[in-house]
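# Geometric and topological summary
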Amino acid sequence: MKFNLQELQKRDWVLIAVIICVTALALFLHEYIGGKGAGCATVKVKGEIEGVYSLAKDQSIEINGGTNVLKIRNGSADMTEADCPDKLCVNQKAISKNGESIICLPNKVVVTIESSEDSVFDAVAQ
């Protein structure tokens, strides 16, 4: 059996067009809608997971009984309040890319991002 493009009927071309449209729509949804809300922030206190929160939903989270406050907005997480003396965690930038973290050593709080979007820096500079 030999394949000939001229023998394709109208319904064959319609089927091909439908398959192409469905594939393009699935790719669009995955890249532009699914990719944005795919990240999450994992909060650990004393090495134990206290919660996992989506970066797609704006929210304010009290951590460790209120010693720290994490705000998630516009796809990034930022430590906005802490009762530790140095407040280094509050002064860190907001995080949104895979592997980035905010650490509060006095309160033993670690916030880590898991996302499909990688950080620009993937090596340690000396």
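Going by the structure above, here's the rest.
Described below are features of the structure shown in this document.

Definitions and cut-offs
- Residues numbered from 1 in each chain as written.
- Predicted model: local features only at pLDDT ≥ 70, side-chain atom pairs only at ≥ 80, totals over all residues.
- Heavy atoms only, no water.
- Pairing = 2+ DSSP bridges.
- Helix = DSSP H or I, 4+ residues; strand = E, 2+ residues; numbered from the N terminus.
- Axes fitted to C-alpha atoms, helices over the stretch in contact; angles between N-to-C directions.
- Patch = residues over 30% accessible without salt bridge, like charges linked within 9 Å, V, L, I, M, F, W, Y side chains within 5 Å.
- Areas by Shrake-Rupley, 256 points an atom, 1.4 Å probe, with all protein chains shown as cover.
- Salt bridge = Lys/Arg side-chain N within 4 Å of Asp/Glu carboxyl O.
- Buried < 20%, exposed > 50% of the residue type's maximum accessible area, 1.4 Å probe, protein only.
- Lys, Arg positive; Asp, Glu negative; His and termini not counted.
- Contact = heavy atoms within 4.5 Å.

## Re the sheet that holds strand β5 (residues 76-82)
Strands belonging to one sheet form pairs held by backbone hydrogen bonds; the direction of such a pair is parallel or antiparallel. One open sheet accounts for three strands, arranged β3-β4-β5; its pairing is antiparallel. A single partner strand is all that each edge strand has here, and the edge strands are β3 (59-63) and β5. On average, each strand axis in the sheet is tilted by 25° relative to the strand beside it, whichever way the strands run. Sheet analysis places strand β4 (residues 68-73) next to β5, joined by six bridges and oriented antiparallel. Opposite Asn68, over in β5, you have Ala82 as the bridge partner.

## Considering the sheet that holds strand β7 (residues 109-114)
Read from one edge to the other, the open sheet built from four strands follows the order β2-β1-β7-β6, with strand pairing classed as antiparallel. Bordering the open sheet on either side are β2 (48-54) and β6 (101-104), each of which pairs with just one other strand. Along the sheet, successive strands turn relative to each other by an average axial angle of 15°, direction set aside. Examined bridge by bridge, strand β1 (residues 40-45) and β2 share six bridges and lie antiparallel to one another. Note that in β2 the partner of Cys40 across the bridge is Ser54.

## Things to note about the pairing of β4
Here β3 pairs with β4 via five bridges, running antiparallel. Opposite Gln59, over in β4, you have Ile72 as the bridge partner. Two successive antiparallel strands, β3 and β4, enclose a turn made up of four residues, where Asn64 displays a positive phi of approximately 55°. Taking the residues between adjacent antiparallel strands as the criterion, β4 and β5 are bridged by two residues, where Asn74 takes a positive phi near 55°.

## A word on a nonpolar patch on the surface
A cluster of nonpolar residues, Trp13, Ile16 and Ile20, forms a patch on the protein surface that exposes about 300 Å² of accessible area. Within the secondary structure, Ile20 is located in helix α1 (residues 10-34).

## Thoughts on the side chain of Asp78
Mapping Asp78 onto the fold places it in strand β5. For the buried Asp78, which has no salt bridge, the nearest side chain bearing the opposite charge is Arg73, at an N-O separation of 4.3 Å. In contact with Asp78, other than residues within four places in its own chain, are Val69, Leu70, Lys71, Arg73, Gln92, Lys93, Ala94 and Ile102.

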